[in-house]
Structure formats: structure tokens, C-alpha cells
Amino acid sequence: MDLDRSKPVWPQVADELRRRLDAGKYPAGERFPGTVDIAAEFDVSQSTAQKAVAALRSEGRLYTILGQGSFVKAPE
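Topologically, Thr-35 is positioned in helix H2 (residues 35-42). When sequence neighbours within four positions are dropped, the list of residues in contact with Thr-35 reads Gln-46, Ala-49, Gln-50 and Val-53.

Let us now look at helix H3 (residues 46-58). Here H3 contains 13 residues, and its C-alpha end-to-end distance of 18 Å stays within 8% of the 18 Å for a straight helix at 1.5 Å per residue. When H3 is considered as a whole, its buried residues turn out to be Thr-48, Ala-49, Ala-52, Val-53, Ala-55 and Leu-56. On an axial view of H3, the arc spanned by its buried residues comes to 150°, and they lie on one face. Against the buried residues of H3 lie helix H1 (9-22), H2, strand E1 (62-65) and strand E2 (69-72).

Structural remark: α-helix, 3.6 residues per turn; residues separated by three or four positions point the same way. Of all the residues in H2, the buried ones are Thr-35, Ile-38, Ala-39 and Phe-42. When H2 is viewed along its axis, its buried side chains cluster within an angular range of 100° and face the same direction. Those residues of H2 that are exposed and aimed more than 90 degrees away from the buried face are Val-36, Asp-37 and Ala-40. Looking one or two residues past H2, Asp-43 carries a phi angle of roughly 55°, positive in sign.

According to the stated counting rule, one finds 7 salt bridges in the structure shown. Ionic pairing is found between Glu-16 and Arg-20, a salt bridge with its closest N-O pair at 3.1 Å. Of this pair, Glu-16 and Arg-20 are both found in helix H1, 4 residues apart, which corresponds to roughly one turn of the helix. Glu-16 sits in the buried class, given a relative accessible area of 16%.

Before going further, it helps to examine the environment of Asp-4. Here Asp-4 shows up in the segment before H1. For Asp-4, a relative accessible area of 32% corresponds to the partly exposed category. On a C-alpha basis, the gap between Asp-4 and Leu-17 in space is 16 Å, while along the polypeptide they are 13 residues apart.

In this section: the environment of Ala-49. Structurally, Ala-49 can be placed in helix H3. Here Ala-49 is in contact with Thr-35, Ile-38, Ala-39 and Val-44, once residues within four sequence places are set aside.

Relative orientation of the contacting elements H2 and H3 amounts to 115°, with a least axis distance of 8 Å. Between H2 and H3, the angle falls in the class roughly perpendicular. Read as a crossing pair, H2 and H3 show a hand that is right-handed. Here Thr-35, Val-36, Ile-38 and Ala-39 of H2 come into contact with H3, specifically with Gln-46, Ala-49, Gln-50 and Val-53. Residues that form the contact of H2 with H3 fall into these classes: 5 nonpolar, 3 polar and no charged.

Parameters at a glance
Residues numbered from 1 in each chain as written. Predicted model: local features only at pLDDT ≥ 70, side-chain atom pairs only at ≥ 80, totals over all residues. Heavy atoms only, no water. Helix = DSSP H or I, 4+ residues; strand = E, 2+ residues; numbered from the N terminus. Contact = heavy atoms within 4.5 Å. Expected span 1.5 Å × (residues − 1). Buried < 20%, exposed > 50% of the residue type's maximum accessible area, 1.4 Å probe, protein only. Arc of directions from axis to C-beta. Salt bridge = Lys/Arg side-chain N within 4 Å of Asp/Glu carboxyl O. Axes fitted to C-alpha atoms, helices over the stretch in contact; angles between N-to-C directions. Parallel < 35°, antiparallel > 145°, perpendicular 65-115°, else oblique. Left-handed = near helix turned anticlockwise from the far one by under 90°. Nonpolar A, V, L, I, M, F, W, Y, C, P; charged D, E, K, R; others polar.

Here it is in C-alpha cells:
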């Protein structure tokens, strides 16, 4: 994915992750990729990846278990 570096990057990363969730790439209950992996895949900083994941969490698409990571929440 080519990111438009003239605009904030984290919303672009979050949009791509949303598309993947909508497409079923990450099934409900499955562990979501960590921020280190997301940062490496999109060639962004870890803080940018953290902002993208935090946006998905605030939308209720992910939940976190302390010490285990983030997981995909089942649609309601």
C-alpha cells in the first residue's frame, strides 16, 4: 500500500486495517497483528501503528487482553 506522506499517515493505516477487517482477513476472536508487525509492514513508526490500532479499538472493532495483545471483536 502506498501511503500519501503529505497527509497524516495513521488514518491511512487505520483505513487499510478496517478494509482488511471488513474483508474477513482477520476473523472474530483471532489475535490481531501487533504494532511492531504493522509498523514494519507499512514502513511507519510504531507510534503511528499504535494510533491506528487505538482508533480501531475505540471504534469497538478490537479488544485488548493485557499481556496477550489485541483481538478482533465479533460484530454485534
